[in-house]
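As a plain string of letters, each chain reads:
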Amino acid sequence: PIGLIPINEVHDTLYAVAVAGTRETAVRLRESVARTYAFAVTRCILLPSENFMAKGVADMKLPAPTVKHHAAILDPVRVGQLLRDIHAYQGSYITRAAMQLMPLLFQRPGAVRMMEWDQLDLDDRTWYCPPKLMKQTRNRKARGGGDTHVVPLPWQAVAILHELHTAMGHPTTGPVFKSISRRNEDSRFMSENTINAALRSLGYNTQDEITGHGFRAM
């Protein structure tokens, strides 16, 4: 029965969700609980005085989650070694091209992974990244996602993409970084785990040294 649930049990549940690194989820959960308690008052299941979720009654403030930064190499000498290791990577040429582009474009791995050929103007050295690939607030997504993100391509990036374009038979549409996994043939795009797996194969610890997301910080 809702009237027998102690305040501390609700608070501890919300607190546990917040400190797990999902504060936004905890905020939504708190709102849902508050609406449930308000509904119980409306239906005379609870007295107004028993609604501890009412504003100003109990302290249901939530702690900010502990921010964990993605592993990244910041020492210039080690960065140079990483770039040489990537250049010498013996795995898929598609994976190598993706790793070579990451430190040149400063974009999130998910956006790079889902790049498509018709988004690129290699003559103008520009990538027109659609709003759907960008990290956005929920409200902005609901409004259509905003403007196209225009990414200038340095000549090194253009050279990598030209080489990949030739190797793939000069496609005009479709994924730049196609999935090469036979286990996931329905997927058009490279797996989100591919870059980290390649870094591990080069001898890098993706927990403490460098991760796909760490290229932006680098």
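Scoring rules and cut-offs
Residues numbered from 1 in each chain as written. Predicted model: local features only at pLDDT ≥ 70, side-chain atom pairs only at ≥ 80, totals over all residues. Heavy atoms only, no water. Core = buried A, V, L, I, M, F, W, Y, C linked by side-chain atoms within 4.5 Å. Buried < 20%, exposed > 50% of the residue type's maximum accessible area, 1.4 Å probe, protein only. Helix = DSSP H or I, 4+ residues; strand = E, 2+ residues; numbered from the N terminus. Salt bridge = Lys/Arg side-chain N within 4 Å of Asp/Glu carboxyl O. Arc of directions from axis to C-beta. Pairing = 2+ DSSP bridges. Axes fitted to C-alpha atoms, helices over the stretch in contact; angles between N-to-C directions. Parallel < 35°, antiparallel > 145°, perpendicular 65-115°, else oblique. Left-handed = near helix turned anticlockwise from the far one by under 90°. Contact = heavy atoms within 4.5 Å. Nonpolar A, V, L, I, M, F, W, Y, C, P; charged D, E, K, R; others polar.

Caption draft 1: Geometry of the nonpolar core. Formed by 37 residues in total, the largest nonpolar core has its most connected members in L120, W127, L153 and F177. Looking at this core, the elements with two or more residues in it are α3 (76-87), α4 (93-105), α5 (109-113), β2 (126-129), α7 (155-167) and α8 (194-201). No other element matches α4, which puts seven residues into this core. Grouped together as the second largest cluster of nonpolar side chains are 13 residues, L14, F52, M60 and L62 included.

Caption draft 2: Structural view of the pattern of salt bridges. One pass over the full model with this rule turns up four salt bridges. Measuring nitrogen to oxygen at the nearest pair gives 2.8 Å for the salt bridge that ties R78 to E209. Remark: E209 occurs in the loop between α8 and α9 (214-217) and R78 occurs in helix α3; sequence separation between them is 131 residues. A salt bridge links E163 to R96; the nearest nitrogen and oxygen atoms lie 3.8 Å apart. Pair noted here: E163 is in helix α7 and R96 is in helix α4, with a separation of 67 residues, a long-range link. Classification of E163 by relative accessible area gives exposed; the value is 53%.

Caption draft 3: α8, seen in detail. Among all positions of α8, only I195, N196, A198 and L199 are buried. Looking straight down α8, one finds its buried side chains confined to an arc of 160 degrees; they lie on one side. Looking one or two residues beyond α8, the residue adopting positive phi is G203, at roughly 100 degrees.

Caption draft 4: Expanded view of the sheet that holds β2. Read from one edge to the other, the open sheet built from three strands follows the order β1-β2-β3, with strand pairing classed as antiparallel. Each end of this open sheet is capped by a strand with a single partner; those strands are β1 (120-121) and β3 (149-152). Where β2 meets β3, four bridges bridge the pair, whose relative direction is antiparallel. Across the sheet, T126 pairs through a bridge with P152, a residue of β3.

Caption draft 5: The environment of E31, seen in detail. Counting through the fold element by element, E31 comes out in helix α2 (residues 23-42). Measuring from C-alpha to C-alpha, the distance between E31 and M53 comes to 9.1 Å, with 22 residues separating the pair along the chain.

Caption draft 6: Main features of the packing of helix α1 (residues 7-19) against α2. Running from N to C, α1 and α2 point in directions that differ by 155 degrees, and their axes come no closer than 7 Å. Relative to α2, the element α1 is oriented roughly antiparallel. α2 is crossed by α1, and the crossing has right-handed handedness. Contacts from V10, L14, V17 and A18 of α1 reach α2 at R23, T25, A26, L29, R30, V33 and Y37. The residue inventory of the contact of α1 with α2, partitioned by class, reads eight nonpolar, one polar and two charged.

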